[in-house]
Amino acid sequence: MSGTAVDGTSVGGGGGGGVALAGAAGRWVLFTTVLGSAMAMIDSTAVNVALPHIGTDLHASLAALQWSVNAYLLTLAGLILLGGALGDRYGRRRVFLIGVVWFALASAACGLAPDAWVLVAARALQGVGGALLTPGSLALIQSVFRQQDRAAAVGLWSGLGGVAGALGPLLGGWLVGGPGWRWVFLINLPLAVAVVAVGLRHVPENRDETATGRFDMAGAALAALALGAVTAALTSTASGVGWSAGAAVLALLAALAFVLVERRAAVPMLPLGLFSSRLFTVVNLVTVLIYAGMGGVLFFLVLQLQIAAGFPPLLAGLGTLPLTVIMLSLSPTAARLGDRIGPRIPLTVGPLLAATGILLMLRIGPDASYVPDVLPATTVLGFGMTLLVAPLTATALNSVEDRRAGIASGVNNAAARIGSLLAVAALPALVGLSGGEYRSPDAVDQAFRGAVWICAGLMVAAALLTWFEICGRGVAALPDAEAVRKANPPRI
């Protein structure tokens with residue numbers, strides 16, 4: 001594969017596009033790719049708000065709720081690099097639209113799920129669709145538009161995607177409090193119809209004519225198996241199921257097999273040579289720690305707000321709004337700061353500031369109010385994440401050769417999702433919450449406080465690792481650093 005992009009997609013093949021952003025064709029392409037990727041972004045943020053109501057309606061255990069989050073992350077993280085490669089080979093529009101349809105059908109299965117474990121299976125299928133459409137949306141932007149319009153198109157795609165992420169919790173809260181949690185998933189159906197109808201009519205096909213070789217299907221399967229087994233081991237520990245040791249052994253064996261397969265594959269999904277760069281290895285460890293802290297605290301925050309503090313779903317959805325708005329509005333400024341002073345200070349101060357915001361959540365208790373208790377915590381957390389996100393991405397890209405920037409970005413995106421996945425799987429066991437205890441305000445409040453300390457500790461660990469392992473100015477800025485920053489919208 002050739003060229004560079006985020007999420008492991010290549011964008012240099014296919015001879016480049018000639019669509020102008022200012023024309024009608026350009027607006028249709030932008031509409032299609034933004035709405036398609038927004039489906040996945042809105043869904044992933046809105047589902048968290050719905051968790052308590054899903055649990056009550058389906059009589060689900062805490063383990064089932066954990067899996068309803070992690071099943072999606074698992075297949076998405078395990079298959080997203082493969083999804084980008086499929087688009088390069090068979091057509092980016094084709095694979096993107098297949099992903100949209102797949103995601104919509106899985107969403108329908110989620111919305112109609114009669115029990116919790118059917119919901120979990122449907123969420124795993126949603127992740128497969130997300131792995132096809134997520135890299136495809138940006139790859140289409142990069143490959144279809146004229147060279148002089150690409151930076152602006154990517155900027156609009158990123159900005160509008162960030163708006164979708166901000167609206168997700170609010171939409172989720174409104175739907176849960178109104179027509180019901182099932183509409184968090186069913187709302188994807190009309191959106192998908194619009195995307196497919198416009199995409200087939202107005203979006204040109206594009207592929208990388210130079211892409212050859214076999215797909216690393218074995219590597220993708222082993223990666224998903226290893227992640228799934230680790231998740232099962234951690235989740236079963238909290239739920240009291242007695243097969244956590246067996247799942248841990250399976251995870252280890254699958255991980256070892258994955259390494260062997262990737263070493264021998266002609267075109268590996270994950271070139272292990274990337275990790276010969278110490279900086280690349282360190283920055284991805286930092287990514288795992290940061291997003292484990294973020295993913296873990298957000299999982300517990302929605303439980304705390306609705307179960308312990310008694311917030312209605314819509315007000316609980318407002319809980320993360322300051323975080324997303326701050327990241328969306330100030331990320332370009334933080335990116336320019338990182339360019340000037342290097343990654344070490346932002347990647348040290350940012351996690352420490354985020355840890356402070358997380359610790360401020362200790363004020364959120366049974367008698368909490370939004371403005372004095374929730375707003376300060378999520379605002380400080382937002383400033384901390386804003387300071388670190390752009391330097392984190394830029395450092396991951398700059399730590400390898402330019403020709404590998406696409407796969408490096410894909411690995412860094414996967415590391416963020418893996419961090420969230422592992423945190424959601426492990427934290428309930430660590431704080432002693434299991435079974436149906438998430439319905440008890442006292443049990444949730446006690447567990448939330450333990451989770452806050454652990455998640456803040458993960459942020460501090462990320463700051464320490466950065467300070468001791470990443471040099472002052474670190475790496476030189478990419479020639480197209482502004483476009484690269486725009487291509488990496490806030491991940492929460």
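Predicted, not measured: the structure shown is a model, and the values here were computed from it. (Residues numbered from 1 in each chain as written. Predicted model: local features only at pLDDT ≥ 70, side-chain atom pairs only at ≥ 80, totals over all residues. Heavy atoms only, no water.)

Tell me what's going on with helix α16 (residues 441-469), and back it up with residues and numbers.
Between the first and last C-alpha of α16 there are 42 Å, a value that for 29 residues agrees with the 42 Å anticipated at 1.5 Å per step. Every buried residue of α16 is listed here: Val444, Asp445, Ala447, Phe448, Ala451, Val452, Cys455, Ala456, Met459, Ala462, Ala463 and Thr466. (Helix = DSSP H or I, 4+ residues; strand = E, 2+ residues; numbered from the N terminus. Expected span 1.5 Å × (residues − 1). Buried < 20%, exposed > 50% of the residue type's maximum accessible area, 1.4 Å probe, protein only.)

Help me get a handle on a nonpolar patch on the surface, residues and values and all.
A contiguous nonpolar patch, built from Ile341, Ile345, Val349, Leu352, Val460, Leu464, Trp467 and Phe468 and spanning about 710 Å² of accessible area, is present on the exposed surface. Of all the secondary-structure elements, those providing two or more residues to the nonpolar patch are α13 (346-360) and α16. (Patch = residues over 30% accessible without salt bridge, like charges linked within 9 Å, V, L, I, M, F, W, Y side chains within 5 Å. Areas by Shrake-Rupley, 256 points an atom, 1.4 Å probe, with all protein chains shown as cover. Salt bridge = Lys/Arg side-chain N within 4 Å of Asp/Glu carboxyl O.)

If you had to explain the pattern of salt bridges to someone new, which residues and values would you point to?
A complete count under the given rule lists seven salt bridges for this structure. One salt bridge in this structure joins Asp57 and Arg182, with 3.8 Å as the shortest N-O distance. With Asp57 in helix α1 (residues 24-58) and Arg182 in the loop between α5 (147-177) and α6 (183-186), this residue pair connects regions lying 125 residues apart in the sequence. According to the relative accessible area criterion, Arg182 is partly exposed, its value standing at 25%.

Explain the packing of α1 against helix α4 (residues 116-144) to me, using residue names and the numbers behind them.
Where α1 contacts α4, the two axes come as close as 9 Å, and the packing angle between them is 160°. Between α1 and α4, the angle falls in the class roughly antiparallel. Two packed elements cross with a definite hand, and for α1 against α4 that hand is left-handed. Contacts from Val29, Leu30, Thr33, Gly36, Ser37, Ala40, Asp43, Val47, Ile54 and Leu58 of α1 reach α4 at Ala116, Leu119, Arg123, Gln126, Leu133, Thr134, Ser137, Leu140, Ile141 and Val144. Residue composition of the contact of α1 with α4, grouped by class: twelve nonpolar, six polar and two charged. (Axes fitted to C-alpha atoms, helices over the stretch in contact; angles between N-to-C directions. Parallel < 35°, antiparallel > 145°, perpendicular 65-115°, else oblique. Left-handed = near helix turned anticlockwise from the far one by under 90°. Contact = heavy atoms within 4.5 Å. Nonpolar A, V, L, I, M, F, W, Y, C, P; charged D, E, K, R; others polar.)

Give me the lowdown on the confidence of the model for the chain, citing residues and values where you can.
Model confidence for the chain is summarised by a mean pLDDT of 86, while 90% of its residues fall at 70 or above. Scored below 50 in pLDDT, residues 1-15 shows 62 contacts in the model against residues more than four places distant or in partner chains. Every residue in residues 473-487 scores below 50 in pLDDT, and together they form 29 contacts with partners more than four places removed in sequence or on other chains. (pLDDT = per-residue confidence, 0-100.)

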